[in-house]
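For reference, the chains in residue letters:
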Amino acid sequence: EDQVTQSPEALRLQEGESSSLNCSYTVSGLRGLFWYRQDPGKGPEFLFTLYSAGEEKEKERLKATLTKKESFLHITAPKPEDSATYLCAVRIHSGGGADGLTFGKGTHLIIQP
Amino acid sequence: DGGITQSPKYLFRKEGQNVTLSCEQNLNHDAMYWYRQDPGQGLRLIYYSQIVNDFQKGDIAEGYSVSREKKESFPLTVTSAQKNPTAFYLCASTSLRTDGYTFGSGTRLTVV
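Our subject in this report is the structure included herewith. (Residues numbered from 1 in each chain as written. Chains lettered and ligands numbered in written order. Predicted model: local features only at pLDDT ≥ 70, side-chain atom pairs only at ≥ 80, totals over all residues. Heavy atoms only, no water.)

1. With respect to the sheet that holds strand E8 (residues 76-78) of chain B
Strands belonging to one sheet form pairs held by backbone hydrogen bonds; the direction of such a pair is parallel or antiparallel. Residues and elements named next belong to chain B. The strand order E1-E3-E8-E7 describes an open sheet built from four strands, whose pairing is antiparallel. At either margin of the open sheet sits one strand with a lone partner, and together these are strand E1 (4-7) and strand E7 (64-66). Taking the axes of each pair of neighbouring strands and ignoring which way they run, one obtains an average angle of 20 degrees across the sheet. Relative to E8, strand E3 (residues 19-25) runs antiparallel, the two sharing three bridges. Bridging across to E8, Leu-21 finds its partner in Leu-76. (Pairing = 2+ DSSP bridges. Helix = DSSP H or I, 4+ residues; strand = E, 2+ residues; numbered from the N terminus. Axes fitted to C-alpha atoms, helices over the stretch in contact; angles between N-to-C directions.)

2. What about the interface of chain A and chain B?
The interface of chain A with chain B comprises 20 residues on the first partner and 22 residues on the second. In total, chain A and chain B occlude about 1,600 Å² of area from one another, counting both sides; carbon and sulfur atoms represent 50% of this. In terms of surface lost to chain B, no three residues of chain A exceed Arg-91, Asp-99 and Phe-103 of chain A, which account for 28% of the buried area on that side. Here chain A and chain B share zero salt bridges between them. (Contact = heavy atoms within 4.5 Å. Buried area = accessible area lost by both parts, 1.4 Å probe. Salt bridge = Lys/Arg side-chain N within 4 Å of Asp/Glu carboxyl O.)

3. Concerning the packing of aromatic side chains
Enumeration over the complete set of coordinates arrives at 12 aromatic pairs over all chains. Aromatic pair Phe-34 of chain A and Tyr-101 of chain B: ring centres 6.1 Å apart, planes at 75 degrees, arrangement edge-to-face. Of the two residues, Phe-34 of chain A sits in strand E4 (residues 30-38) while Tyr-101 of chain B sits in the loop between strand E9 (87-94) and strand E10 (102-103), which places them in two different chains. Since its relative accessible area comes to 0%, Phe-34 of chain A is described here as buried. Taken together, Phe-34, Tyr-36, Phe-46 and Phe-103 of chain A together with Tyr-33, Tyr-35, Tyr-48, Tyr-101 and Phe-103 of chain B form an aromatic cluster joined through their ring pairs. (Phe/Tyr/Trp six-rings, centres within 6.5 Å; stacked < 30°, edge-to-face > 60°. Buried < 20%, exposed > 50% of the residue type's maximum accessible area, 1.4 Å probe, protein only.)

4. Remarks on the state of the cysteines
Residues and elements named next belong to chain A. Going through the model one piece at a time under the given rule, you end up with two disulfides over all chains. The disulfide partner of Cys-23 is Cys-88, and the S-S distance across this bridge is 1.9 Å. Here the disulfide of Cys-23 and Cys-88 is left-handed, its torsion about the S-S bond being about -65 degrees. Residue Cys-23 is found in strand E3 (residues 19-26), and its partner Cys-88 is found in strand E9 (residues 84-92); the two are separated by 65 residues along the sequence. (Disulfide = S-S within 2.5 Å.)

5. Some points on the sheet that holds strand E7 (residues 62-66) of chain A
Residues and elements named next belong to chain A. The strand order across the open sheet formed by five strands is E1-E3-E8-E7-E6, and the pairing between neighbours is antiparallel. With partners counted over all chains shown, the strands left at the sheet margins are strand E1 (3-7) and strand E6 (56-59), one partner each. Shown here is a sheet whose adjacent strand axes are inclined to one another by a mean of 15 degrees, direction ignored.

6. Things to note about a nonpolar patch on the surface
Together, Tyr-10, Phe-12 and Val-112 of chain B give the surface a local cluster of nonpolar side chains, amounting to about 370 Å² of exposed area. Within the secondary structure layout, Phe-12 of chain B lies in strand E2 (residues 10-13). (Patch = residues over 30% accessible without salt bridge, like charges linked within 9 Å, V, L, I, M, F, W, Y side chains within 5 Å. Areas by Shrake-Rupley, 256 points an atom, 1.4 Å probe, with all protein chains shown as cover.)

7. Observations concerning the nonpolar core
Ranked by size, the top nonpolar core spans 22 residues in total, and within it Leu-33, Trp-35, Phe-48, Leu-62, Leu-73, Tyr-86 and Leu-109 of chain A carry the most contacts. Elements with a minimum of two residues in this core: strand E2 (10-14), E3, E4, strand E5 (45-50), E7, strand E8 (70-75), E9 and strand E11 (107-112) of chain A. At four residues, E9 of chain A tops the list of elements feeding residues into this core. In contact with Leu-62 of chain A, other than residues within four places in its own chain, are Leu-47, Phe-48, Lys-57, Leu-73, His-74, Ile-75 and Tyr-86 of chain A. Ranked by size, the runner-up nonpolar core spans 20 residues in total, among them Val-19, Ala-61, Tyr-64 and Cys-91 of chain B. (Core = buried A, V, L, I, M, F, W, Y, C linked by side-chain atoms within 4.5 Å.)

8. Some words on the pairing of E9 of chain A
All names here are of chain A. With eight of its nine residues buried, E9 lies for the most part within the structure. Relative to E9, E4 runs antiparallel, the two sharing eight bridges. Opposite Leu-33, over in E9, you have Val-90 as the bridge partner. Strand direction decides the pairing type here: E9 and E11, joined by three bridges, are antiparallel. Each bridged residue has a counterpart across the sheet, and for Ala-84 the counterpart in E11 is Leu-109. In this sheet, strand E10 (residues 102-103) lies alongside E9 in antiparallel orientation, the contact comprising two bridges.

Keep in mind that these numbers describe shape and distance, not what the molecule does.
Structure follows, in structure tokens:
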């Protein structure tokens with residue numbers, strides 16, 4: 001069974017304190033790994049897609065990396081507005097099976113001023 | 001602006017009642033999806049549709065039904081057979097030529 005595990009479940013940082021969120025996955029036939037940001041009561045907002053080990057993408061204070069078993073979302077010098085739940089999801093080559101993303105439970109990030 | 005519109009934002013259901021959640025997109029996306037989100041759990045796939053007049057069950061389809069009569073629309077009906085319907089429901093869409101999923105803003109359903 002395909003699995004996506006995110007850690008930690010929650011993380012509290014001081015403004016400016018850099019850290020990383022982890023997403024480990026066990027899937028066969030990875031088609032893509034996705035990172036989303038979700039604010040309370042809202043739908044997920046797309047951040048990055050990664051396709052192959054060694055790939056990196058950046059957007060403002062966020063940088064996503066991918067290995068064969070896990071992905072990291074690095075946040076550099078975070079600000080309070082970066083507070084949100086960050087979701088990781090994978091899409092596999094369906095081969096006739098179910099389509100759709102498989103999500104982890106998310107990391108709830110709080111940045112204190 | 002292109003996007004996905006979910007309505008209503010909040011919905012209250014009485015015991016034994018069927019309710020329908022609306023999802024409309026103007027992105028010209030081929031595939032549409034319904035997910036359910038519960039506190040402390042990841043999003044779980046209910047149903048998806050890759051073309052008009054065709055749809056498939058996801059991981060937790062029991063107690064739900066869908067239709068796809070138009071490319072732009074993918075309504076979800078929560079039937080009385082769904083024993084624990086209180087949750088946040090999210091609709092998403094994607095083009096079959098790309099991998100990016102766009103989500104709507106969600107509908108929060110509460111049983112009263």
